[in-house]
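# Remarks on the overall topology
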Amino acid sequence: MNLKSIYILFLFLCFGGVLYFPCFAQKQQKEKRGLKDVYNTDFLIGTALNISQFERKDIRADKIIRHEFNCITPENVLKAEVVQPAWGRFDFRLSDKFVDYGIRNNMSIVGHTLIWHSQLPPFVKNITSKDSLQQFMEQHIAKVAGRYSGKIKGWDVLNEALNEDGSFRNSVFLEVLGKDYITNAFKLAAMASPHTELYYNDYNIEQPAKRNGAITIIKQLQLAGARIDAIGIQGHWHLGKIPYQDIEESIIAFSELGVKVMITELDLEVLPRDFSGAEVGHRMVNSPGLNPYPKALPDSLQRRLATDYEKLFKLFLKHKDKISRVTFWGVADGNSWLNDWPLKGRTNYPLLFDRNYQPKEAYYKLINLKL
Ligand code: G3I
């Protein structure tokens, strides 16, 4: 090969490399993009963390969390029974680790939850005096929300305060303080953490009757001059039975009141269950057929899960101007609360990653949805 041919070959390789490399790098980069990157101009993509995850003991989960999500919610460690197990005795060891994990990874941090009728420390459930319960609310919110002021992006100030018909749930708060406890909670949270977003969070508020209850709460707060920045539709839905139209109507209805909408606890039940929602006190009696897939989810249901998640995200993208966040309630199937509720010891498959932390068909549907 003469000198001229070598020179031409050299030029070709250089020119080709200059062209090829960026495309190769871009292709590589595209392949490396996580959910948070794909949707980074639409809404935050979050997940709920358990203790072993934010303590970085579950390293496979940690890798997925940092690559896929830009927002985190504590599954349990910021609930009253954990942070104030006894009157005036606070324990922030776990919640501090959770918040530190979020700060270290430059994530948006959600506080879940200040006032909830469930997972309350026993001393609260037994309060009958108005002054005592008012004092608990003032102290709990000031101490907990105040501690993370400037670190937590938004609080589920109030969780699940409605019945399915849209009436106010009977709880120690409603019974002792009346419905003004709702406004009170939001005003206390705004004082404790003035730059933190304030949310009402509930399940089934895509259903018309319960949606009206949530609208009542939003209007009650706005009328009383209390700040509410967003409403959390939890999103504990069922494979094949997702109420897309109801969800869209609720997104629009809440948005029209001037609040942002978030999907806060998204998972899709794939096992037999004859009721919807996430009433934690609900239980089912075990019977044959309630745990049909102990080894693996059939391909047909894997495909259904993928198409249901895809259809949901198409709806969320359609209303991305109204939606600020979509959070999954867990990282991988093995972490899901649905393995033990409403029946302990079932093998469920509600999330985007399987028990070996491998992405499922549903994950790829969402990653490729915007291609
Ligand atoms: O921490 C104790 C542990 O010390 C004890 O050994 C063990 C014995 O079973 O229980 C542990 O507490 C469990 C707790 O999760 C922490 O793992 C409770 O039993 C268990 O009931 C609790 O479940 C949580 C549930 O809320 C409780 O209401 C789920 O993990 C959590 O995913 C679920 O999340 C709720 C949201 O906060 C609100 N929306 C509905 C959603 C699903 O119910």
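Right, let's walk through the structure included here. (Residues numbered from 1 in each chain as written. Predicted model: local features only at pLDDT ≥ 70, side-chain atom pairs only at ≥ 80, totals over all residues. Heavy atoms only, no water.)

## Thoughts on the site of the ligand
- Neighbouring the ligand are 14 residues; Glu75, Lys79, His112, Glu160 and Glu265 lie closest to it.
- Side-chain polar atom of His112 to an oxygen atom of the ligand: 2.7 Å apart, as the coordinates give it.
- The side chain of Gln234 places a nitrogen or oxygen atom 3.2 Å from a nitrogen atom of the ligand.
- Here the ligand, which alone exposes 790 Å², has 52% of that area covered by the protein.
- Across the shell around the ligand, the residue classes break down as four nonpolar, six polar and four charged. (Near = heavy atom within 4 Å. Polar contact = N/O pair within 3.5 Å; in protein donor to acceptor, adjacent residues only side chain to side chain. Areas by Shrake-Rupley, 256 points an atom, 1.4 Å probe, with all protein chains shown as cover. Nonpolar A, V, L, I, M, F, W, Y, C, P; charged D, E, K, R; others polar.)

## Comments concerning the environment of Lys322
- Residue position: Lys322 is located in the loop between helix H13 (299–318) and strand S9 (323–328).
- A residue is classified by how much of its surface remains accessible, and Lys322, at 16% relative accessible area, is buried.
- A sequence separation of 239 residues divides Lys322 from Val83, and the C-alpha atoms of the two residues are 33 Å apart.
- Excluding residues that lie within four positions of it along the chain, Lys322 makes contacts with Ile251, Ile252, Ser255, Lys260 and Val261. (Helix = DSSP H or I, 4+ residues; strand = E, 2+ residues; numbered from the N terminus. Buried < 20%, exposed > 50% of the residue type's maximum accessible area, 1.4 Å probe, protein only. Contact = heavy atoms within 4.5 Å.)

## Digging into the side chain of Asn204
- Inspection of the secondary structure puts Asn204 in the loop between strand S5 (197–202) and helix H11 (208–223).
- Setting aside residues no more than four positions away along its own chain, Asn204 makes contact with Glu164, Lys210, Ser276 and Gly277.

## Let's talk about helix H10 (residues 180–192)
- A rise of 1.5 Å per residue sets the reference length of H10, with its 13 residues, at 18 Å; its end C-alpha atoms lie 18 Å apart and thus fit the reference within 8%.
- What H10 keeps buried is the set Tyr181, Ile182, Thr183, Asn184, Ala185, Phe186, Leu188, Ala189 and Ala192.
- Contacts made by the buried residues of H10 are with strand S3 (108–116), helix H8 (130–147), strand S4 (154–159), helix H9 (172–177), S5 and H11. (Expected span 1.5 Å × (residues − 1).)

## Examining the environment of Gly345
- Structurally, the position occupied by Gly345 is in the loop between S9 and helix H14 (361–367).
- In this structure Gly345 comes out as exposed when scored by relative accessible area, which is 54%.
- Separated by 23 residues in sequence, Gly345 and Asn368 have C-alpha atoms that sit 33 Å apart.

## Details of the pattern of salt bridges
- Taken as a whole and judged by the stated rule, the model has 21 salt bridges.
- One salt bridge in this structure joins Asp42 and Lys320, with 3.1 Å as the shortest N-O distance. Taken together, the residues span a long stretch of sequence, with Asp42 in the loop between helix H2 (35–38) and strand S1 (44–49) and Lys320 in the loop between H13 and S9 at a distance of 278 residues.
- Asp42 gets classed as buried once you look at its relative accessible area, which sits at 9%.
- On the basis of relative accessibility, which here comes to 39%, the residue Lys320 falls in the partly exposed class.
- Of the charged contacts in the structure, one is a salt bridge between Arg273 and Glu269, with a shortest N-O distance of 2.9 Å.
- Residue class for Glu269 comes out buried when judged on its relative accessible area of 2%.
- By sharing partners, the salt bridges in this structure join Asp42, Lys320 and Lys370 into a single network. (Salt bridge = Lys/Arg side-chain N within 4 Å of Asp/Glu carboxyl O.)

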